[in-house]
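# Understanding the architecture of this molecule
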Amino acid sequence: MPFLQKEVWECPFCGNETIEVLVRPTTYVAKRSAVRGGRKTSYHKVRQEVVVLSESCSSCGKTKKEIEKEWRKMGII
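Here, residues in each chain are numbered from 1, in the same order as that chain's written sequence. Reporting of local features is limited, given that this is a predicted model, to residues whose pLDDT is at least 70; pairs of side-chain atoms are given and counted only at 80 or more, and all residues count toward the totals for whole chains, interfaces and linings. Note that the side-chain values use all heavy atoms of the structure and ignore hydrogens as well as water.

### Quick notes on the sheet that holds strand β2 (residues 17-24)
- DSSP-based pairing: two strands are paired if at least 2 bridges between them are found. Helix and strand definitions follow DSSP, with helices as H or I runs of at least four residues and strands as E runs of at least two, each counted in order from the N terminus. If you walk across this open sheet you meet the three strands as β1-β2-β5, and the pairing is antiparallel. A single partner strand is all that each edge strand has here, and the edge strands are β1 (5-10) and β5 (49-52). Neighbouring strand axes in the sheet, compared pairwise and without regard to direction, differ in orientation by 40° on average.
- Summarising the sheet, β1 and β2 pair through six bridges and their orientation is antiparallel. Note on β2: the bridge partner recorded for E10 is E17. Simply put, an axis is a line fit to the C-alpha atoms, just over the touching stretch for a helix, and the angle between two N-to-C directions goes from 0 to 180 degrees.

### Side note on the packing of aromatic side chains
- In this analysis, rings of Phe, Tyr and Trp, with Trp reduced to its six-membered ring, are considered paired at centre separations within 6.5 Å, and the interplanar angle assigns stacked below 30 degrees, edge-to-face beyond 60, and tilted for intermediate values. On inspection of all chains with the given rule, the structure shows one aromatic pair.
- The interplanar angle of 70° and the centroid separation of 5.2 Å between the aromatic rings of W9 and W71 together place this pair among those described as edge-to-face. On the criterion of sequence distance, the pair formed by W9 in strand β1 and W71 in helix α1 (residues 64-74) is long-range, its members being 62 residues apart.

### Here's the deal with the nonpolar core
- The nonpolar core is taken to be a set of buried Ala, Val, Leu, Ile, Met, Phe, Trp, Tyr and Cys residues, with the residues joined through side-chain atoms within 4.5 Å. Burial status follows relative accessibility: with a 1.4 Å probe on protein chains alone, a residue under 20% of its type maximum counts as buried, one over 50% as exposed, and anything between as partly exposed. Grouped together as the largest cluster of nonpolar side chains are ten residues: W9, C11, I19, V21, V23, V50, V52, C57, I67 and W71.
- For this core, the elements supplying multiple residues, two or more each, are β2, β5 and α1.
- The biggest single contributor to this core is β2, with three residues.

Structure representation (structure tokens):
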């Protein structure tokens, strides 16, 4: 199981560090398959995943949905 890390990030609206997130870093996953003459192992990259735990910003009151939408526009998640 990948290492999960709990962090506190800045709200994209007010700039205060009030948003709790759970981060799963980028990992590589091995996939094995049987092929003629042996086994083949291939690797593929699994992107970083960010899960917002806070329901809203305690400073400015923006909701979880608004925060996620703003971070997607900024390319953070």
